[in-house]
Amino acid sequence: LESRLVPEGAINSSVSIEEKAETKQAAILPAKQDADKKKKQNRLALNRVRCVMITLVVFFHSGLAFESDTDWSLLAPGLDRDYMAYLNLIIGRSSWPMDVFFTLAGYAAFHSLRVRSVTDFMIDRSLRLVPSITFGLLVLNPLTWYLWYALSQVIDNLTGAWSEYTGFWDLYLHLYVDCFSGNERCSAGGFCVQHMWYLIYLYLFCLLGLPIFLLWKKFTAPRIDTSAKKFLVIASFFALPVLIWGTDLLWFLQPDLPVLRVFSKRNFLEYFIYIFFGYFLAWCDDAHEILLSLTYFFTGVSISLIPAMVLAGLVRGGTYAGRWGSIWERLLVVVFAKATMYAVWGLAHKHLPHLPKIMGRYFDYVADRAIAVYVLNNLLLLCVETALYFALAGTFMETYTVPRFLLMFVLTYGLFFAVYESLFRWKYTKPLVGMMRGSDLGPKKEVQTKGSF
């Protein structure tokens, strides 16, 4: 009876439509799964690279004590260890770890603004940065200054930007005013904020860059699907170090231009550019993929430039601190730093998501607390340095440095975990080291988007 009521062709047509729909769904599902897997791996890579970078920052700061021409040096008089300066040029003074940090900040800002309202974005950034900046400037930095001041009264060869004060309260009440007013008692200038410059810059960039971010978000990223477009993207990667060098050249020609030096001995415009570079990589996924495809090329460039920098004599008097023997030498350092940044970015995406489970947990633990490591590391480092100096009866810097340098680095890292877990993992103390997020206040207001990171 049913076969009489429904034509045979109609039944076949209905089956055919259902089969096509199932076939289409079966084709879409693997593609969606691959995209979700890729997003998860990107999140893991960019989170875990923070662990690598913050470890290198602590390593770099530990090495400053063993250079022969820095305010942090505890070397015995006349004892010169230039190789530590070369090591720190490669790791820290070329600034590529901080370049990665600022690029990460721009990349994260793009994806955060895709799923959050502007209000929630600024609340989250303010909760993470403002309390930690305040705590650092008003508590941690003064304690670090005073410890250094106390050491300078005991160690003859030790000098510092704040060794001429008469006591803790004189130091605490007057140092910031003296630094920014140009008083001779403080020769550090705006850099008296010490390592807090990074957090201050990061918050300033959030405020200054937000209108541009919101405008930029309205545009759809182009498809990089032709050879000409790929060539332009690759050319932009090579143009970035030239652009950075251009800001340094401007600084070299106009050293007193205020916009170039705010709270730091580093170029303000340089890091602002990295924020937007990270935003660009997040906005244009095709450009990001092209950068990842060049990972091993930039790794080779980075490694090949290390002996070139050493042969060029870029370390003068035990340190390279922006001393302009030649503007072309600075270009060499900038090219090395950018090639290393590209290489580390690509290697992180290729290898960090696939770490063994135990190692991955360690990386994730440190990465989630990277900002806390950064906030506490200077004071903890100086505490370790002081303890070792007096425990070894003043001979700490008079013997072979590598084992003791590594000892200081490991003890500083270990002390952070002890201090953090005992003092700063609690509800009312974790905001002091940047560990409070907007999500701790309640659910965020999500923004409707086509997709999320």
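Residues numbered from 1 in each chain as written. Predicted model: local features only at pLDDT ≥ 70, side-chain atom pairs only at ≥ 80, totals over all residues. Heavy atoms only, no water.

**Some details on the packing of aromatic side chains**
Inspection of the entire model under this criterion finds 38 aromatic pairs. Both rings, one in Trp 197 and one in Tyr 201, keep their centres 5.4 Å apart while their planes meet at 80°; by these two values the pair is edge-to-face. Remark: Tyr 201 and Trp 197 occur in helix α7 (residues 197-217); sequence separation between them is 4 residues, near one turn of the helix. Residue Trp 197 is classed as buried on the basis of its relative accessible area of 8%. Between Phe 205 and Phe 272, the aromatic rings sit 4.9 Å apart at their centres with planes inclined by 20°, giving stacked as the arrangement. Within this pair, whereas Phe 205 is found in helix α7, its partner Phe 272 is found in helix α9 (residues 268-283), the two being separated by 67 residues in sequence. Exposure class is identical for Phe 205 and Phe 272. Each is buried. (Phe/Tyr/Trp six-rings, centres within 6.5 Å; stacked < 30°, edge-to-face > 60°. Helix = DSSP H or I, 4+ residues; strand = E, 2+ residues; numbered from the N terminus. Buried < 20%, exposed > 50% of the residue type's maximum accessible area, 1.4 Å probe, protein only.)

**Describing helix α4 (residues 96-115)**
Across its 20 residues, α4 extends 29 Å between first and last C-alpha, which sits within 8% of the 28 Å expected from 1.5 Å per residue. Burial within α4 is extensive, with 17 of its 20 residues counted as buried. (Expected span 1.5 Å × (residues − 1).)

**Re the nonpolar core**
Ranked by size, the top nonpolar core spans 101 residues in total, and within it Ile 54, Phe 102, Trp 197, Tyr 198, Leu 199 and Phe 237 carry the most contacts. What Tyr 198 contacts, discounting residues up to four positions off in sequence, is Met 98, Phe 101, Phe 102 and Tyr 374. Trp 145, Leu 171, Leu 175 and Cys 192 belong to the second-largest nonpolar core, a separate cluster that totals 6 residues. (Core = buried A, V, L, I, M, F, W, Y, C linked by side-chain atoms within 4.5 Å. Contact = heavy atoms within 4.5 Å.)

**Observations concerning the side chain of His 288**
Inspection of the secondary structure assignment puts His 288 in helix α10 (residues 285-293). If we ignore the near neighbours within four places in the chain, the residues touching His 288 are Tyr 107, Leu 281, Trp 345 and His 349.

**Notes on the pattern of salt bridges**
When their charged atoms lie close together, side chains carrying opposite charge are able to pair. Applying the stated rule across the entire model yields 7 salt bridges. A salt bridge links Arg 223 to Asp 286, with the shortest nitrogen-to-oxygen separation between them at 3.4 Å. One end of the pair, Arg 223, is in the loop between α7 and α8 (227-253); the other, Asp 286, is in helix α10, with 63 residues separating them in the sequence. Taking the relative accessible area as the measure of exposure, Arg 223 reaches 56% and is therefore exposed. By relative accessible area, Asp 286 is classed as buried at 15%. Lys 229 serves as the salt-bridge partner of Asp 225, at 3.6 Å between the closest nitrogen and oxygen. Overall, Asp 225 belongs to the exposed group, its relative accessible area being 53%. Lys 229 gets classed as partly exposed once you look at its relative accessible area, which sits at 35%. If you follow the salt bridges from partner to partner, you end up with Arg 116, Asp 124 and Arg 125 in one network. (Salt bridge = Lys/Arg side-chain N within 4 Å of Asp/Glu carboxyl O.)

**Observations regarding helix α13 (residues 357-368)**
Across its 12 residues, α13 extends 16 Å between first and last C-alpha, which sits within 8% of the 16 Å expected from 1.5 Å per residue. Buried residues of α13: Gly 360, Phe 363, Val 366 and Ala 367, and no others. For α13, the arc enclosing every buried residue in end-on projection is 130°, short of the 170-degree limit, so these residues lie on one face. Facing away from the buried side of α13, by more than 90 degrees, are the exposed residues Lys 357, Ile 358 and Arg 361. (Arc of directions from axis to C-beta.)

**Digging into the environment of Trp 328**
Considering the arrangement of structural elements, one finds Trp 328 in helix α12 (residues 327-351). Among the residues examined, Trp 328 registers a relative accessible area of 56% and is labelled exposed. Expressed as a C-alpha distance, the spacing of Trp 328 and Leu 249, which sit 79 residues apart in the sequence, is 9.8 Å.

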